[in-house]
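If you want the building blocks of each chain, they are given just below.
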Amino acid sequence: MSSDSSKPKIVFVLGAPGAGKGTQCEKIVETFGFTHLSAGDLLREERKREGSEYGALIEDNIKNGRIVPVEITCALLENAMNQTKQATGNDKFLIDGFPRNEDNLQGWNRKMADKVQLLFVLFFECSEDQCVERCLKRGESSGRSDDNLESLKKRFNTYINDTMPIIEHYRKQDLVKPVDAAPAPSDVFETVKLAFESAN
């Protein structure tokens, strides 16, 4: 294992839109000292960045509920990890909302898998009704263009068809730690803590 010690340590955080990934990631950052990288946030920031070569492409994909080409996402994640490591020395990362589909997984395995140490996949399980309700509530204040019923239905279908097979892929490798995301955030975090403590 010693050869892995210099590689960034990664936890993938997956779950349906509205399962509470962002909320739990904040708590993990506070408690366990990980740096939170949201694939979606990185893409949204890149979309807004002046002179971004990827901006229009990202915008088009996000608006239509499609997944952005994996090379872009991997490049943004790798840059963020390198910048964080240089700036803070921290080499523990939560990667939130990625890999979302087979293409993401293959792209990650091609570009990144050898450069990092994957600790486990944290998987938040939550019913569609509850997730949709949470997202619509969030949409009242978030200003996110995709927190509306029509986009949410598309996002949920994408999640079931594309992301669930990724969960199964990692489950076969015994890397998935499932968390019931239905209870209150503080209760959910008790389960999350056990996942991290058992991984050390």
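This is a predicted model, so every value here is computed, not measured. (Residues numbered from 1 in each chain as written. Predicted model: local features only at pLDDT ≥ 70, side-chain atom pairs only at ≥ 80, totals over all residues. Heavy atoms only, no water.)

### A look at the layout of surface pockets
Piece 1. For the largest pocket, the calculated volume is near 1000 Å³.
Piece 2. Considering the residues around the largest pocket, the lining is formed by 43 residues, among which Lys21, Arg100, Arg138, Arg144 and Arg155 are closest to the centre.
Piece 3. Breaking the lining of the largest pocket down by element, the ones donating at least two residues are β1 (9-15), α1 (21-32), β2 (35-38), α2 (39-48), α6 (128-142), α7 (149-172) and α8 (185-199).
Piece 4. Taken together, the residues that form the lining of the largest pocket break down as 16 nonpolar, 15 polar and 12 charged. (1 Å grid on protein atoms, 1.4 Å probe; cavity = no way out; pocket = protein on both sides within 12 Å on 5 of 7 lines; lining within 4 Å. Points joined across faces, edges and corners; volume = space filled by probe spheres on them. Helix = DSSP H or I, 4+ residues; strand = E, 2+ residues; numbered from the N terminus. Nonpolar A, V, L, I, M, F, W, Y, C, P; charged D, E, K, R; others polar.)

### Topic: the pairing of strand β3 (residues 92-96)
Piece 1. Of all five residues in β3, four are buried, a share of seventy percent or more.
Piece 2. Sheet analysis places β1 next to β3, joined by five bridges and oriented parallel. By the bridge assignment, Val13 is partnered in β3 with Asp96.
Piece 3. The pairing of β2 with β3 spans four bridges and is classified as parallel. Residue His36 lies in a different strand from β3, and its bridge partner there is Leu94. (Buried < 20%, exposed > 50% of the residue type's maximum accessible area, 1.4 Å probe, protein only. Pairing = 2+ DSSP bridges.)

### So, the pattern of salt bridges
Piece 1. Scanning the model with the defined rule gives 10 salt bridges in all.
Piece 2. Between Asp60 and Arg66 there is a salt bridge whose closest N-O contact spans 2.7 Å.
Piece 3. The class of Asp60 is partly exposed, set by a relative accessible area of 37%.
Piece 4. Residue class for Arg66 comes out partly exposed when judged on its relative accessible area of 43%.
Piece 5. For Lys115, the salt bridge identified is with Glu78, shortest N-O distance 2.9 Å. In this pair, Lys115 is assigned in the loop between α5 (102-111) and β4 (117-125) and Glu78 in helix α4 (residues 70-88), connecting sequence segments 37 residues apart.
Piece 6. Several salt bridges share partner residues, and in doing so they unite Arg47, Glu59 and Lys63 into one network. (Salt bridge = Lys/Arg side-chain N within 4 Å of Asp/Glu carboxyl O.)

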